[in-house]
Every structure is written in structure tokens, then in C-alpha cells.
Amino acid sequence: MAASNPASLLLQKQLRDLMKNPVDGFSAGLVDDSNVFEWNVTIIGPPDTLYDGGFFNAIMSFPSNYPNSPPTVRFTSEMWHPNVYPDGRVCISILHPPGEDPNGYELASERWTPIHTVESIVLSIISMLSSPNDESPANVEAAKEWRESRDVFKKKVGRIVRRSQEML
């Protein structure tokens, strides 16, 4: 972690803060101690949701101009959710580039701003797990199942949660 550009220094500070003051619901650390721009994050499925008790791993990749641009987040654990692409990439407004939405779905105020931190990003992902948005899905099949076959969706997520627990 020897790099000393502004993004690197900010990420080092956010990591130190999370180590000193852990936040309920997730843990975070570096994929490789020599690269502060790649983080491993483990999200614990939020209580009283379909994902309750699951352990979901993700990689958070930060651009060199962080915090001016958002990181990307990709689940490496199996995930079935309307707002997670089949390849694991998370699709939530705060991870979209700052400014106006070229498609007109989001307000600029809902998109990335440099005030976000690793903590606020992960808390937004935990919120996403609690409340799927099927209006603008990343995974059309999961959204369709969420809307039209809720019991099938619940069973699929239940299997994923059980498998995540077995991976520990």
C-alpha cells in the first residue's frame, strides 16, 4: 500500500476506519495488500429478508480517480437478484457515473457523488438486497421471476443462501 496519490490515500483511510470501527452486516479488506484499489467485501444477508443468513462475497474495484468516479462491485458468490447482472455486477444508482442519466431513468442526485464511501456503498447494496427494484432490472429473468413467480424466486434464493453457508 505504498502508493500516495489522493485516491490511494483516501482508500487507505477508509480501510483503516473500517478496521477500527467495523460496521454490522459486512466486512472488507484488500484482495492483495499491495493494491488498495481492489477490495474483498463479504456481505451478510440482511435479517428478515430472503437473503438472511447468507454470506456473499464481492470484489470492489476502484478507479484511479476515486472518489470522482464510482467503483464497480461484482459478486463473486452466486447471486440471484433483479439488480445484479448474471455475471455478478451490481447495478444500483449510486454506482452509476455522476451527472445526468442518458436514459432518463435516474436523477443526477441519485447517481454517484464523491461523498460516498465504501461503507455507504455496501450499505446501499445491503438495502438493495432488502428491496429489489424490478422497474429497471440488470437481470431480467430474476426480475420477471420476482414479479410473476415469487415462490420460485424465494426457493432459488433460499438454495443460494444455504450454499453460501456451506462455503464457510
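- Looking at an unreviewed UniProt entry, one finds the protein chain named E2 ubiquitin-conjugating enzyme and attributed to Canna indica.
- Its UniProt record, at the heading Sequence similarities (unreviewed entry), says of the protein chain: "Belongs to the ubiquitin-conjugating enzyme family."

**Some details on the pairing of strand 2 (residues 35-44)**
So, point 1. Pairing analysis gives six bridges linking strand 1 (residues 26-32) to strand 2, with the strands arranged antiparallel. Looking at the pairing, L30 lines up with W39 of strand 2.
So, point 2. Between strand 1 and the antiparallel strand that follows it, strand 2, lie two residues.
So, point 3. Relative to strand 3 (residues 55-61), strand 2 is paired through seven bridges, and the arrangement is antiparallel. For T42, the partnering residue across the bridge sits in strand 3 and is N57.

**A look at the pattern of salt bridges**
If charged atoms from side chains of opposite charge come close, those side chains can pair.
So, point 1. Counted according to the given criterion, the structure contains seven salt bridges.
So, point 2. Note that R89 and D87 form a salt bridge whose closest N and O atoms lie 2.9 Å from each other.
So, point 3. Judged by relative accessible area, which is 41%, D87 ranks as partly exposed.
So, point 4. R147 is the partner of D134 in a salt bridge, and the nearest nitrogen-oxygen pair spans 3.9 Å. Remark: R147 occurs in helix 3 (residues 140-148) and D134 occurs in the loop between helix 2 (118-130) and helix 3; sequence separation between them is 13 residues.
So, point 5. Salt bridges here are not isolated pairs; linked through shared partners, they connect D101, E106 and R111.

**Remarks on the packing of helix 3 against helix 4 (residues 150-166)**
So, point 1. Running from N to C, helix 3 and helix 4 point in directions that differ by 125°, and their axes come no closer than 5 Å. On the basis of their axis angle, the class for helix 3 and helix 4 is oblique. On helix 4, the residues touching A142, E145, W146 and E148 of helix 3 are R150, V152, F153 and K156.
So, point 2. Of the residues contributing to the contact of helix 3 with helix 4, the split by class is four nonpolar, no polar and four charged.

About the cut-offs
- Residues numbered from 1 in each chain as written.
- Predicted model: local features only at pLDDT ≥ 70, side-chain atom pairs only at ≥ 80, totals over all residues.
- Heavy atoms only, no water.
- UniProt positions renumbered as here; feature names shortened; annotations may be inferred.
- Pairing = 2+ DSSP bridges.
- Helix = DSSP H or I, 4+ residues; strand = E, 2+ residues; numbered from the N terminus.
- Salt bridge = Lys/Arg side-chain N within 4 Å of Asp/Glu carboxyl O.
- Buried < 20%, exposed > 50% of the residue type's maximum accessible area, 1.4 Å probe, protein only.
- Axes fitted to C-alpha atoms, helices over the stretch in contact; angles between N-to-C directions.
- Parallel < 35°, antiparallel > 145°, perpendicular 65-115°, else oblique.
- Contact = heavy atoms within 4.5 Å.
- Nonpolar A, V, L, I, M, F, W, Y, C, P; charged D, E, K, R; others polar.

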